[in-house]
Amino acid sequence: MRAVTSRWTSAIAVLVFSGGICAAAWGSALLNRRMTDIERAQALLNHLKALEARLDSIEEAKEHLDTLETSSPVDLDLIIKDAGLTETVADSESGVSSLDDGWSVITRQIVLSDVILTELDDFAVMCHQARPPWVLTEVSLKSSPFESGRAKATVTLEALRRKSQ
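Each value, and the rule that gives it
Residues numbered from 1 in each chain as written. Predicted model: local features only at pLDDT ≥ 70, side-chain atom pairs only at ≥ 80, totals over all residues. Heavy atoms only, no water. Helix = DSSP H or I, 4+ residues; strand = E, 2+ residues; numbered from the N terminus. Rg over C-alpha atoms; globule rule 2.2 N^0.38 Å. Buried < 20%, exposed > 50% of the residue type's maximum accessible area, 1.4 Å probe, protein only. Contact = heavy atoms within 4.5 Å. Areas by Shrake-Rupley, 256 points an atom, 1.4 Å probe, with all protein chains shown as cover. Lys, Arg positive; Asp, Glu negative; His and termini not counted. Charge placed at Lys NZ, Arg CZ, Asp CG, Glu CD. Salt bridge = Lys/Arg side-chain N within 4 Å of Asp/Glu carboxyl O. Pairing = 2+ DSSP bridges. Patch = residues over 30% accessible without salt bridge, like charges linked within 9 Å, V, L, I, M, F, W, Y side chains within 5 Å.

Colleague: Could you give an account of the overall build of the protein, naming the residues involved and the relevant values?
Modeller: Regarding its fold elements, the protein presents 3 helices and 4 strands. Traced from its N-terminal end to its C-terminal end, the protein shows the element sequence α-α-β-β-α-β-β. A compact globule built from 165 residues would reach a C-alpha radius of gyration of about 15 Å, whereas the protein, at 33 Å, exceeds it by more than 25%. The dimensions of the protein, computed from C-alpha atoms along their principal axes, are 115 × 50 × 20 Å. Across the 165 residues of the protein, 19% fall into the buried class. Once local pairs closer than 6 in sequence are excluded, the contacts in the protein between residues at least 24 apart make up 66%. Within the structure as shown, the protein displays about 12,100 Å² of accessible surface, and the carbon and sulfur contribution to it stands at 57%. Taking the average place of the 17 positive charges on the side chains of the protein and the average place of its 24 negative ones, the gap between the two points comes to 16 Å.

Colleague: Mind laying out the pattern of salt bridges, listing which residues take part and the relevant values?
Modeller: Two side chains that carry opposite charge are able to pair once their charged atoms sit near each other. Inspection of every chain in the model, using the stated rule, returns 5 salt bridges. The partner of Arg40 in a salt bridge is Asp37, with the nearest N and O atoms 3.7 Å apart. Of this pair, Arg40 and Asp37 are both found in helix α1 (residues 2–67), 3 residues apart, which corresponds to roughly one turn of the helix. You can call Arg40 exposed: its relative accessible area is 57%. For Asp37, a relative accessible area of 36% gives the class partly exposed. Linking Glu147 and Arg150 is a salt bridge whose minimum nitrogen-to-oxygen distance equals 3.3 Å. Each of the salt bridges in this network shares a partner with another, and the network as a whole consists of Arg34, Asp37 and Arg40.

Colleague: Before we move on, could you go through the pairing of strand β4 (residues 150–162) and cite the residues and values that matter?
Modeller: Pairing between strand β2 (residues 103–116) and β4: 12 bridges, direction antiparallel. Paired with Trp103 across the strands is Arg162, a residue of β4. Where strand β3 (residues 135–143) lies against β4, 8 bridges are found, and the strand directions are antiparallel. Note that in β4 the partner of Leu141 across the bridge is Ala153.

Colleague: Break down a nonpolar patch on the surface for me, with residues and values.
Modeller: Together, Leu117, Leu136, Val139 and Leu141 make up an exposed nonpolar region whose accessible area comes to about 320 Å². It is β3 that provides the largest number of residues to the nonpolar patch, a total of 3 residues. Here Val139 is to be found in strand β3. You can call Val139 partly exposed: its relative accessible area is 43%.

Colleague: Can you tell me about unusual backbone geometry, naming the residues and giving the values?
Modeller: Here the bond from Arg131 into Pro132 is cis, since omega is -10°, no more than 30 degrees from zero. Its location among the elements puts Pro132 in the loop between α3 (117–129) and β3.

Structure (structure tokens):
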């Protein structure tokens, strides 16, 4: 009888041990899935924080623009003239896109046929210092084969304009 009891005890111990191994494996798989879910949630939270920071930055910029006395940017042709680049302007193209809350974006693409690079730099600074500023969004340079320090430049600028109230 003792041998039978010992066998049952051994069998129960093996079953309990096997159950423990199965429970540990199941728990480990569950933990891995939970960790993956937590990592995804953390990545989403980080993304949302970045979007919130960007939105705050946009709101601050918008509040700043609302305080400006002028609602339209300085005429870009005047900045070109002040920078002494009127002789080099080969082409100019414009576009306007409407935004929310009575704002629009003015886009100008200017081709400067043979510009001295330092003058181009001065022009970019003058555009940025205008209020509201013209922002340089794209520039493409093709160096002059004849003279160093000169290039054909295609410049894209954008500025915000508030529609009249």
